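# Fold and geometry: a report
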Amino acid sequence: MTLTVTDLAIARGGVPVLEGLSFALHPGKALILRGPNGIGKTTLLRTLAGLQPPLAGQIDGAEDQIAYASHSDGLKPTLTVMENLTFWASVFGTKGIQHALDAFALNAFSDRYAGNLSAGQKRRLGLSRMLVTGRPIWVLDEPTVSLDRDAVQMFAEAVRNHLGQGGSALIATHIDLGLDGDVLDVTPNKAKPQPIDDLDGGFL
Amino acid sequence: MIALLLRDLKLAFRAGGGFGLGLAFFLIVTVLVPFSVGPQSSLLSTIAPGVLWLGALLACLLSLDRLLALDWEDGSLDLLATAPLPLESVVTIKALAHWLTTGLPLVLAAPFLGILLNLPVPGFFWLVISLLVGTPAMSVIGTFGAALTVGLKRGGLLLSLLVLPLYVPTLIFGAEVARRGATGMETQTPLLMLAGITAATIALLPFASAAVLRINLR
């Protein structure tokens, strides 16, 4: 499933942040999203995930294909690692969480409450959720925050496996993951400030 | 959907889940009433249906602000919105889980608290029936209020202000069923009205809740 974005414009809090953005994400490929803070990377990813509507432009092939991982992991501190993952697996209608536990080395604390994990371990659990969604397009927002070097390698390996199975990934990150993917720098697409023609236009 | 219901029930019973909070509040309110109005049993039995209904309503309100706020804080609401479940069924399940952990215990506890307030014997049956029919509406309306205020700091206070006026029809007809039942009068008309309100809120409000949730998640 190819994700195609044509001439997309997006806004955060009513202010346009990116415009004229076009790219395609083909199966088996990774796209690394880059750009300075505040440029609208998270807003772009949320728009692609369907959490907010675009200002203009077209998104094709995203419907029910995207697994989204935001800054927060969506973990319940009073559920165990196993219960958290099993819940997401059954929400997405997939079976088996063992491969996800293996991929992120979570077996040792699968019975521990998620609230007792360290920040990096929580992140690993959050990322392992991607594996149980069974969705082909991964959209990841700063996935390596609070991960140590080994865990980053685990994550890169998981993404490589996913790409090898015909999936694709769009990753906003500032570090080098060692993936052979194209880089999409959105800096040139920064939205131009709108000329203010009438003072009360914004309210009407 | 079942998975979400089971998760919410499990969370309610785990540490900090707030199960029993509403029940304890209901108990304390009804115990305090005889202290404040005095021990005349005839006065207590007159006001018992109304006091029990008001207590149940306030107890229901108590746990509403956690209904969606916790899921919003830890990001799972965003993830649920991108999951295959439609948001309409997410809010319906959330309301059902709230009713099972808050409304149903109130219904079951009400007859025992009725004893404390000297509720007339024929009133017990109608009190339970009216609460059983009325409390689902309170959970569904409360979910709508929670969806409106999700993401607001200190949204709980605003939530009460928004939700309490919407509870008025349910309170009027529910308390009326209990009052008429306690005095041996005919209860069919208010009971039908109460059931109609509950059925209408369950049928319509999940769509409104899902719509405001979509806007709030942007």
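In this text the structure is predicted, and so the values were computed from the model without any measurement.

## Describing the nonpolar core
Ranked by internal contacts, the top residues of the largest apolar core, which has 120 residues, are Phe-155, Leu-170 and Ile-171 of chain A. Among residues more than four places away in sequence, those in contact with Ile-171 of chain A are Leu-31, Ile-32, Leu-33, Leu-140, Pro-143, Phe-155, Val-159, Leu-177 and Leu-179 of chain A.

## A closer look at helix α1 (residues 41-48) of chain A
In an α-helix, one turn spans 3.6 residues; hence positions three or four apart end up facing the same way. When you tally the buried positions in α1 of chain A, you get seven out of eight residues, the bulk of the element. Directly after α1 of chain A, the chain includes Gly-50 of chain A, whose backbone phi takes a positive value near 90 degrees.

## Considerations on the packing of aromatic side chains
Tallied over the entire structure, the rule returns four aromatic pairs over all chains. Their ring planes at 75 degrees and their centres at 5.1 Å tell us that Phe-125 of chain B and Trp-126 of chain B sit as a pair that is edge-to-face. On the basis of relative accessible area, Phe-125 of chain B is assigned to the exposed category, the value being 52%. For Trp-126 of chain B, a relative accessible area of 23% gives the class partly exposed. Through a chain of ring-to-ring contacts, three or more aromatic side chains come together here, namely Phe-87, Trp-88 and Phe-92 of chain A.

## As for unusual backbone geometry
Positive phi is not limited to glycine here, since Glu-142 of chain A has a value of about 50 degrees. Structurally, Glu-142 of chain A is set in the loop between β6 (137-141) and α5 (149-164). The backbone of Asn-118 of chain B sits at a positive phi, close to 60 degrees, despite the residue not being glycine. As for its placement among the helices and strands, Asn-118 of chain B is situated in the loop between α6 (87-116) and α7 (121-149). With a relative accessible area of 36%, Asn-118 of chain B lands in the partly exposed category.

## Topic: a nonpolar patch on the surface
Residues and elements named next belong to chain B. A cluster of nonpolar side chains, namely Leu-27, Ile-28, Val-31, Leu-32, Phe-35 and Leu-116, defines an oily patch on the protein surface of about 570 Å² accessible area. A total of five residues in the nonpolar patch trace back to one element, the largest contributor, which is helix α2 (residues 21-37). Mapping Phe-35 onto the fold places it in helix α2.

## Considering the environment of Ile-202 of chain B
Residues and elements named next belong to chain B. Among the secondary structure elements, Ile-202 is positioned in helix α9 (residues 188-217). Take Ile-202: its relative accessible area is 40%, and that puts it in the partly exposed class. In this structure the C-alpha to C-alpha distance between Ile-202 and Ala-3, which are 199 residues apart in sequence, comes to 21 Å. Ignoring sequence-local partners within four residues, the contact set of Ile-202 consists of Pro-136 and Val-140.

## Digging into the UniProt feature "transmembrane region" (unreviewed entry) in chain B
Residue and element names in this part refer to chain B. The sites that carry the UniProt feature "transmembrane region" (unreviewed entry) are, in the present numbering, residues 12-37, 43-64, 96-117, 123-150, 157-178 and 190-213. In this annotation, residues 43-64 is assigned 91% helix and 0% strand; the end-to-end C-alpha distance for the span is 32 Å. Across residues 190-213, helical content stands at 100% and strand content at 0%; the span's end C-alpha atoms are separated by 33 Å.

## Notes on the pattern of salt bridges
Opposite charge on two side chains permits pairing when their charged atoms draw close. Overall, the coordinates contain 17 salt bridges over all chains when judged by the stated rule. We note a salt bridge from Arg-14 of chain B to Glu-83 of chain A, for which the minimum N-O separation is 3.0 Å. Within this pair, whereas Arg-14 of chain B is found in the loop between α1 (2-13) and α2, its partner Glu-83 of chain A is found in helix α2 (residues 81-91), the two belonging to separate chains. The exposure class of Arg-14 of chain B is partly exposed, given its relative accessible area of 22%. Three or more residues joined by partner-sharing salt bridges are found here, namely Lys-76 of chain A together with Arg-7, Asp-8, Asp-71, Asp-74 and Lys-94 of chain B.

The rules we used
Residues numbered from 1 in each chain as written. Chains lettered and ligands numbered in written order. Predicted model: local features only at pLDDT ≥ 70, side-chain atom pairs only at ≥ 80, totals over all residues. Heavy atoms only, no water. Core = buried A, V, L, I, M, F, W, Y, C linked by side-chain atoms within 4.5 Å. Buried < 20%, exposed > 50% of the residue type's maximum accessible area, 1.4 Å probe, protein only. Contact = heavy atoms within 4.5 Å. Helix = DSSP H or I, 4+ residues; strand = E, 2+ residues; numbered from the N terminus. Phe/Tyr/Trp six-rings, centres within 6.5 Å; stacked < 30°, edge-to-face > 60°. Patch = residues over 30% accessible without salt bridge, like charges linked within 9 Å, V, L, I, M, F, W, Y side chains within 5 Å. Areas by Shrake-Rupley, 256 points an atom, 1.4 Å probe, with all protein chains shown as cover. Salt bridge = Lys/Arg side-chain N within 4 Å of Asp/Glu carboxyl O. UniProt positions renumbered as here; feature names shortened; annotations may be inferred.

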